[in-house]
Number of protein chains: 2
Amino acid sequence: MNQSLKQIHEYIDEHLGEHIERIKEFVRIPSIAAENPEGVRRCAQKLANYFEELGCKKVEIVETAGQPVVYAHYDAQARNTLLVYLMYDVKQVSGEKWTLTDDPFDPKLVELPPFKKVLVGRGAINSKGPLVAFLNALFSIKACGEEIPVNLKFVAEGEEELGSAHLKDFIKHRIEELKDAQACFSPSASQNIKGEVTLSLGCKGVVEFELECSGESWGRGPTVRPIHSSMAAAVESPIWRMIHALASMTDPRDPMKVVIEGFYDNVAPPTKEDLELVEKLAQTYDEKAIAEELGVKHFYNDLKGKDLLLKMLYSTTLNIQGIQAGYTGPLFKTVLPEKIVVKMESRLVPNQTTTETVEKIRKHLDKLGYTDIKINEYPEANGVDDWSRTSPKAGIVQAVIEAYREYGFEPRVWPFSLGSSPQAIFTKDPLKLPFVSAGLSHGARAHAPDEYYVIEGNEKVKGLAHAEKFFVSLLYKLGERALR
Amino acid sequence: MNQSLKQIHEYIDEHLGEHIERIKEFVRIPSIAAENPEGVRRCAQKLANYFEELGCKKVEIVETAGQPVVYAHYDAQARNTLLVYLMYDVKQVSGEKWTLTDDPFDPKLVELPPFKKVLVGRGAINSKGPLVAFLNALFSIKACGEEIPVNLKFVAEGEEELGSAHLKDFIKHRIEELKDAQACFSPSASQNIKGEVTLSLGCKGVVEFELECSGESWGRGPTVRPIHSSMAAAVESPIWRMIHALASMTDPRDPMKVVIEGFYDNVAPPTKEDLELVEKLAQTYDEKAIAEELGVKHFYNDLKGKDLLLKMLYSTTLNIQGIQAGYTGPLFKTVLPEKIVVKMESRLVPNQTTTETVEKIRKHLDKLGYTDIKINEYPEANGVDDWSRTSPKAGIVQAVIEAYREYGFEPRVWPFSLGSSPQAIFTKDPLKLPFVSAGLSHGARAHAPDEYYVIEGNEKVKGLAHAEKFFVSLLYKLGERALR
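The model shown is predicted, which means the values in this text are computed figures rather than measured ones. (Residues numbered from 1 in each chain as written. Chains lettered and ligands numbered in written order. Predicted model: local features only at pLDDT ≥ 70, side-chain atom pairs only at ≥ 80, totals over all residues. Heavy atoms only, no water.)

1. Quick word on the interface of chain B and chain A
Short version of the rule: Contacts are residue-level and defined by heavy atoms, with any inter-residue pair within 4.5 Å sufficient. Here the buried area means the combined drop in accessible surface, using a 1.4 Å probe, for two parts upon being joined, counting both sides. Any Lys or Arg side-chain nitrogen located within 4 Å of an Asp or Glu carboxyl oxygen qualifies as a salt bridge. For this analysis, a polar contact is any N or O atom pair within 3.5 Å, provided that within protein one partner can donate a hydrogen and the other can accept it, and provided that sequence-adjacent residues contribute only side-chain to side-chain pairs. Helix and strand definitions here come from DSSP, where helices need a minimum of 4 consecutive H or I residues and strands a minimum of 2 consecutive E residues; each element is numbered from the N-terminal end. In the scheme used here, Gly and all other residues not listed as nonpolar or charged are polar, with Ala, Val, Leu, Ile, Met, Phe, Trp, Tyr, Cys and Pro taken as nonpolar and Asp, Glu, Lys and Arg as charged. Strand pairing is defined by DSSP finding a minimum of two bridges between the two strands.
Listed per partner, the contact involves 81 residues of chain B and 81 residues of chain A. Three residues stand out in chain B for area buried against chain A, namely Ala-233, Trp-240 and Phe-332 of chain B, and they jointly supply 13% of the buried area on that side. Between chain B and chain A we count zero salt bridges in total. Taken together, the connections running from chain B to chain A amount to 28 residue pairs in polar contact (both at pLDDT 80 or more). For the side of chain B that touches chain A, the leading source of residues is strand β13 (residues 319-326) of chain B, giving eight residues. Here the side of chain B that touches chain A is composed, by residue class, of 41 nonpolar, 25 polar and 15 charged. Relative to β13 of chain B, strand β13 (residues 319-326) of chain A runs antiparallel, the two being bridged by five bridges.

So this is what it looks like as structure tokens:
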């Protein structure tokens, strides 16, 4: 370790109390995107203040059609420019029963075995803890009289929890300022509770939509409101209509198989690079532990190891999230309902587009005469993310893997994650950047009571000091090589 | 009209204020079967007091496994004995917005066009208004020094709104006391808003049940709780399983046709007597008005008149009341649900049994391998009523029709109603009585806010005085002829 790095690490150890205080200060601001625009704005201002304090050349709170983006440019006169993606909003807390703090916005430091000290509060892990840890790392570099090794362009959004609806617009409008970035980084805490580190080089896409069958649209059955079910002898049912429309979409003998024409046409097989990653992943992939954690007794066809991973990664899906129709209270109510709404979702894999699934379903329904069944999408609010991929050969990926190894961790590298995120905003047109999210430490219970971020870990899970030191080490690596 | 009848009618006119007060007094008692056992008991006691006041030989508040039955025997030393079925409980009011009275249990007399005076309150029409009107008629006969023309055995239950779960038991235990009754009568207000009188000689039956498909029971899919839908690529869905199980039960080209083996086997065609009634009904049946009221644009196959009536009356059904599965809140939630519950119902017609439908569905599911899909029934609480028929030739039916005609009404006689009720408790084993529900006046909004009972009607709809006079006239007719 070179001298300045050592000095910075020491600085972090010595100032950890202040660093924790900075996280608490940030968690205290109730920046609930769905409910508290004033809190969101206060949080945007606080973040802008941090960027000013850091010495950013330019700090802006940029209005969007939704919550503001905080944009900042730190010019280190360095060779490389890194786009840093952050979110400063949090999920709502209503209805949650917290036990480790009275108020989710009054963060507490508590022991939570197997961890000596965790910070409990809304946003602790998602994502204020890692965000401030990254800022702490930057402050520490500067405090030691060193220059940050890369130029930084921060893009911090205030509505990730609402589906990042206006982030794409922001990027589009600011493309001239952003296009010199060579990679995009998002600080996180990527250790699981056992200390294992996961690195996902992308994500699946998702398209969410509702199917709605109503008497109003159909022109048959009850068209206004539910009617008494004694009339069901002579009045048709939108629910039965929907049941048959749904049943036509998958194979009755194996509903995992979608029988909509062309549904799988654009699903690409794994690349050679992918297969290598999957082979390696399979060596440590413990499907039994995962099944147990999920409460699942059998995976599809009782697949295991590599076969299970391939099935999970390279499958598009047609999942029913929920169905709402008619009476659902206690016991019974003699009604013939006028409407049924089915919430559905398809996970998208390379090379599917975000629009083809709904188009194919529309065509399928029309072909069978279900022209009245509506497909409701809410792309402005929620429900559409493109898939994203970053090559394992990208410089930033190699730098992250090296940094992890320096800290004693061999990351489990997924070609992409099974979940979805707005990553494609950075990895596809117009930016086309490699995107990596990384960091040491651990946290859990995002969107749930007693959300926490590990401050003082154990032998396997690193605490805040190491998380910050890791970011410092990584930044030095990112200054030294091509990032693409 | 004979002298004593005339005198009684005059008495009713003169004492109408007191009679209205008696209804209000009874409506004030919050006898909500589902929520207020104390109110139910207070109401039972009040009813018992009325029976005492009337001079009943025997008055008993009989405990059951649920709410008590008030039983009373009025011995008029008459030739005929009439069983009088009453309910003294009411539906809950929570969540309802009443506008015509501040408190559903503080009944108000208001003008409600086209009616000069209606009584508004919970239970006004269902069924405290007609119940007390019938008692008022009896009190009036006695007040004029006359004897009631028939012996009366009152059976008043306090849990009709909970499905009359213990009424059958009561009848069984008291069969020795009840078996000399020749007919069963239930006072009602059978005029619609236009003044037309309907007389239904029975009812359809109903069997309600849930189909439940869960990972827990299936052993596949999520078995404990919903899991993240990113796993849907390799974990099966109980919802899709249920969709196909349901779809197998009806014809996709015409879901009104149930394709479960033997489903229609015991559906009897209309008798010659029925066909005559239906022919007559069709002359005044206004399907357009009914469709409009229901918000239905097309009946099945655009049937009309007699054909529509035959379809409605002589069809068993397989209706979906509601479906609850997974996430049903705003927008979307990325879950793969662990369970789906479908509330279903079949209306039963002669000669179906109350058990055959569920048996056939069970067999159907098992045959297709859906042995894990559960059928939940709650017969003790709700959901099972046998169909019931009373011959149009029964003496009590003829007496009711004559009484209506005396008051200027030609009743529309249905062989049985499309809805269901616990009538079979009286018309089948062990009592096997003809059963008729009848009365003048009108009321509406049962189980809904601003429930009312007409006190002062108009040219077509009779008010309380006529309702009571009708009961008196009917009682005299019932004293004069064989009732079976």
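2. Remarks on helix α3 (residues 37-54) of chain B
Residues and elements named next belong to chain B. Our working rule: Multiplying one less than the number of residues by 1.5 Å gives the expected span of a helix. Exposure categories follow from relative accessible area, calculated using a 1.4 Å probe and restricted to protein chains: below 20% of the type maximum is buried, above 50% is exposed, and the middle band is partly exposed.
A rise of 1.5 Å per residue sets the reference length of α3, with its 18 residues, at 26 Å; its end C-alpha atoms lie 26 Å apart and thus fit the reference within 8%. Among the residues of α3, Gly-39, Val-40, Cys-43, Ala-44, Leu-47, Ala-48, Tyr-50, Phe-51 and Leu-54 are the ones counted as buried. For α3, the secondary structure elements touched by its buried residues are α2 (16-27), β1 (58-62), β2 (69-74), β3 (81-87), α4 (124-143) and β6 (151-157). Just downstream of α3, Gly-55 is the residue with a positive phi angle, here 100°.

3. Observations regarding the side chain of Ser-417 of chain B
Residues and elements named next belong to chain B. By the element assignment, Ser-417 lies in strand β20 (residues 417-420). In terms of polar contacts, Ser-417 uses its side chain to reach the backbone carbonyl oxygen of Gly-419, at 3.3 Å. Discounting chain neighbours no more than four positions away, the residues touching Ser-417 are Ser-200, Gly-202, Cys-203 and Lys-204.

4. Structural notes on the side chain of Ser-388 of chain A
All names here are of chain A. Residue position: Ser-388 is located in strand β18 (residues 388-389). Look at Ser-388 and you get buried, because its relative accessible area is 0%. A polar side-chain atom of Ser-388 sits 3.2 Å from a polar atom in the side chain of Gln-423. Beyond its immediate stretch of four places on either side in the chain, Ser-388 contacts Leu-201, Gly-202, Cys-203, Phe-416, Gln-423, Ala-424 and Thr-427.

5. Digging into the packing of aromatic side chains
All names here are of chain B. Rule in force here: Two rings from Phe, Tyr or Trp (for Trp, the six-membered ring) form a pair when their centres are within 6.5 Å of each other. A pair whose planes differ by under 30 degrees is stacked, one over 60 is edge-to-face, and the rest are tilted.
Applying the stated criterion to the full structure yields 32 aromatic pairs over all chains. Ring geometry for Tyr-285 against Trp-414: centres 6.0 Å apart, planes inclined by 75°, an arrangement best described as edge-to-face. In this pair, Tyr-285 is assigned in the loop between α9 (272-284) and α10 (287-294) and Trp-414 in strand β19 (residues 412-414), connecting sequence segments 129 residues apart. Neither residue differs from the other here; Tyr-285 and Trp-414 are each classed as buried. Between Tyr-407 and Phe-470 the ring centres are 5.8 Å apart and the planes differ by 75°, which places this aromatic pair in the edge-to-face class. With Tyr-407 in the loop between α13 (395-406) and β19 and Phe-470 in helix α15 (residues 464-480), the pair connects residues that are 63 residues apart, well separated along the chain.

6. Structural notes on the relation of the copies chain B and chain A
Put simply, the rule is: Copies overlap after least-squares fitting; the atoms used are the C-alpha atoms of residues with pLDDT of at least 70 in both.
Superposing chain B onto chain A takes a rotation of 180° plus a shift of 0.1 Å along the axis, which leaves an RMSD of 0.1 Å. With respect to symmetry, the two chain copies, as superposed, fit the operation of a two-fold axis. When the interface residues of chain B are mapped onto chain A, 100% of them are again interface residues, pointing to one common binding face.

7. What to know about the pairing of strand β6 (residues 151-157) of chain A
Residue and element names in this part refer to chain A. Counting buried positions over the seven residues of β6 gives seven, a clear majority of the element. In terms of strand pairing, strand β2 (residues 69-74) meets β6 through five bridges, oriented antiparallel. When the bridges of β6 are listed, Ala-72 appears paired with Phe-154. Two elements, strand β3 (residues 81-87) and β6, share seven bridges in a ladder whose sense is parallel. Following the sheet pairing, Leu-86 is matched in β6 by Ala-156.

8. Concerning the domain arrangement of chain A
Residues and elements named next belong to chain A. Basically, it comes down to this: Domain delimitation in this document rests on an assignment produced automatically or drawn from a domain database.
On domain assignment, one finds that chain A holds domain 1 (3-201 + 390-480) and domain 2 (206-268 + 314-384). Distance from the C-alpha centre of domain 1 to the C-alpha centre of domain 2: 39 Å. With nine residues of domain 1 at the interface, the matching set in domain 2 holds six residues. Carbon and sulfur atoms supply 49% of the area that domain 1 and domain 2 bury against each other, a total of about 540 Å² over both sides.

9. Concerning unusual backbone geometry
Residue and element names in this part refer to chain A. For the bond running from Pro-113 to Pro-114, omega is 10°, close enough to zero to count as cis. Take Pro-114: it is sitting in the loop between β4 (108-112) and β5 (115-120). Cis geometry is adopted by the peptide bond preceding Ser-127, which originates at Asn-126 and carries an omega value of 0°. Tracing the chain through its elements places Ser-127 in helix α4 (residues 124-143). Phi is positive for Ser-441, close to 80°, though the residue is something other than glycine. Turning to its location among the elements, Ser-441 is positioned in the loop between β21 (435-438) and β22 (443-444). Since its relative accessible area comes to 0%, Ser-441 is described here as buried. Non-glycine residue Arg-445 carries a positive phi angle of around 65°.

10. Notes on the sheet that holds β6 of chain A
Residues and elements named next belong to chain A. Stated formally: In this analysis, axes come from line fits to C-alpha atoms, helices being fitted only over the stretch in contact, and the angle between any two N-to-C directions falls in the range 0 to 180 degrees.
Pairing within the open sheet is mixed, and its six strands lie in the order β1-β2-β6-β3-β7-β21. A single partner strand is all that each edge strand has here, and the edge strands are β1 (58-62) and β21. Direction aside, neighbouring strands of the sheet carry axes that sit 20° apart on average. In this sheet, β21 lies alongside strand β7 (residues 183-187) in parallel orientation, the contact comprising four bridges.

11. Details of the pattern of salt bridges
Enumeration according to the criterion identifies 74 salt bridges over all chains in this entry. The residue Glu-345 of chain A makes a salt bridge to Arg-347 of chain A at a minimum N-O spacing of 3.2 Å. Taken individually, Glu-345 of chain A and Arg-347 of chain A each receive the classification buried, so the pair is uniform in this respect. Among the ionic pairs, Asp-372 of chain B bridges to Arg-241 of chain B, the shortest N-O distance being 2.6 Å. Here Arg-241 of chain B lies in helix α8 (residues 238-247) and Asp-372 of chain B lies in the loop between α12 (356-367) and β16 (374-376), a separation of 131 residues in the sequence.

12. Considering the sheet that holds β2 of chain B
All names here are of chain B. One open sheet holds the six strands; their spatial order is β1-β2-β6-β3-β7-β21, and the pairing between them is mixed. Since the sheet does not close on itself, it has two edges, and those belong to β1 and β21 (435-438), each with one partner. On average, each strand axis in the sheet is inclined to that of its neighbour by 20°, with strand direction left out of account. As paired strands, β1 and β2 are joined by five bridges and run antiparallel to one another. Bridge pairing in β2 places Glu-60 opposite Tyr-71. Sitting on the sheet, α4 is in contact with β2, β3, β6 and β7 (183-187), with an inclination near 145° to β3.

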